[in-house]
Each structure stands twice: as C-alpha cells, then as structure tokens.
Amino acid sequence: MFLVVIYGLVLALPLLFFVQRRTLSPSHQSPPVDPQPEEKKSLKTIMQPPRDDLDPPKDDPFTLDQLKQFDGSDDSKPIYVSIRGTVFDVTRKSDVYGPGKSYNVFAGKDGSKGLGMSSLKPEDAVPDYSDLPENEKNVLNDWFLFFQKRYNIVGRVTDMPTSVSNLANL
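In this text the structure is predicted, and so the values were computed from the model without any measurement.

Caption draft 1: Just unusual backbone geometry, in detail. Non-glycine residue Arg84 carries a positive phi angle of around 55°. Take Arg84: it is sitting in the loop between β2 (80–83) and β3 (86–89). What makes Arg84 buried here is its relative accessible area of 6%. Within the chain, Ser118 stands out as a residue other than glycine whose phi angle is a positive 55°. Its location among the elements puts Ser118 in the loop between α5 (112–117) and α6 (134–148). Taking the relative accessible area as the measure of exposure, Ser118 reaches 58% and is therefore exposed.

Next comes the structure, spelled out in structure tokens:
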C-alpha cells in the first residue's frame, strides 16, 4: 500500500506542475479590458479629424448683434461661432455648442478672448482679445486653425472692436 501512494505521488507531481504552469503562463491570461471605453468615445466626439468636404468660405456680413440670433436657442436657425471676426457654422456639433452644452458660451458671439484664455466663463467670451499675452494669442490662433479645418466659414463680423480690427491675422 505504501508503494502505491509513492508511485501515485511520483506520477501526480509532474502532472500538477504542468497544470500549474499552463494556467499561470502569460500567454493563457485573459486579454486586458479597456477600462474607459465611454471616455474614449466622448473624446472622439469632441476632437474630430480635419474635413475635406467643406464648402468654399463665404464672406457674408454679420454684426455682433445679428450673430446673437445664432446661439442655438432657435432650432430653425444654425449655430454660429465667431473667432477673430470669422464666422463658423458649428450646427453639426450642436451636442457641444447647443443650449446647455459645454461650449455654448461661444455660440452666437465672437468669444475670441475666452478661447485664447481657455476659459468657459461668459465674461471672458468677448471679441476683444487685444490684451491677451502672446502665449494666449497663440492658443487663439490654434483654435482658429482648428475651426478652419473642420467648420464651414459663413461670414465675417463687420463691427469688431477697433482694438482688434487690425489684429485679424495674428
């Protein structure tokens, strides 16, 4: 009987070693789970690639007062955002620029200063960006280039503050 137990152990130990090695080896571990699929999806919606199907730019005149009509509060009208006096149609991104959404503070106005400052405060979303430091003017220019590659240009603001009317081309 003692010999049977010894033989059983001699045969069982290599089998246990083999099973343990197979179950703990890296090639048999389950693949890692993507921990933040919703966060990545949300990021993708905001940051879209440049478009190659934009309409030719328009030069329709808008006053700052007229621009207020295009803030997303009226579903029958498009949503416009002006940067450095250039008016962009952002209607297709109403999930970002529409009423109550994160960037609605810029809808229906020229909020150049706020964009340059990376601020979502309504008091910063004004057209006069003349007092921005150079680094914030560069941020504003980056935003302008971002919009230019993704949204149709529908016009120009005709009554920009005189302090910035000569700064349109940073």
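Caption draft 2: Focus on the pattern of salt bridges. With the rule as written, the count across this model stands at 4 salt bridges. One salt bridge in this structure joins Lys93 and Asp95, with 3.8 Å as the shortest N-O distance.

Caption draft 3: Expanded view of the nonpolar core. Judged by nonpolar contacts, the single largest core of 29 residues is most densely connected at Ile83, Phe88, Val90, Tyr97 and Phe147. Looking at this core, the elements with two or more residues in it are β2, β3, α4 (94–97), α6 and β4 (152–157). The biggest single contributor to this core is α6, with 4 residues. What Ile83 contacts, discounting residues up to four positions off in sequence, is Phe88, Asp110, Ser112, Leu115, Leu140, Trp143, Phe144 and Phe147.

Caption draft 4: The arrangement of the pairing of β3 in detail. Inspection of the sheet shows β2 paired to β3 by 4 bridges, in the antiparallel sense. Within β3, the residue paired with Val81 across the bridge is Phe88. Hairpin connection, β2 to β3: the antiparallel pair is bridged by 2 residues, and Arg84 has positive phi, about 55°. Relative to β4, β3 is paired through 4 bridges, and the arrangement is antiparallel. Residue pairing in the sheet places Thr86 in a bridge with Arg156 of β4.

Caption draft 5: Examining the confidence of the model for the protein more closely. With 70% of its residues at a pLDDT of 70 or more, the protein has an overall mean of 82. Contacts of residues 30–44 to residues separated by more than four positions or lying in other chains number 1 contact, the stretch itself having pLDDT below 50.

Procedures and definitions
Residues numbered from 1 in each chain as written. Predicted model: local features only at pLDDT ≥ 70, side-chain atom pairs only at ≥ 80, totals over all residues. Heavy atoms only, no water. Helix = DSSP H or I, 4+ residues; strand = E, 2+ residues; numbered from the N terminus. Buried < 20%, exposed > 50% of the residue type's maximum accessible area, 1.4 Å probe, protein only. Salt bridge = Lys/Arg side-chain N within 4 Å of Asp/Glu carboxyl O. Core = buried A, V, L, I, M, F, W, Y, C linked by side-chain atoms within 4.5 Å. Contact = heavy atoms within 4.5 Å. Pairing = 2+ DSSP bridges. pLDDT = per-residue confidence, 0-100.

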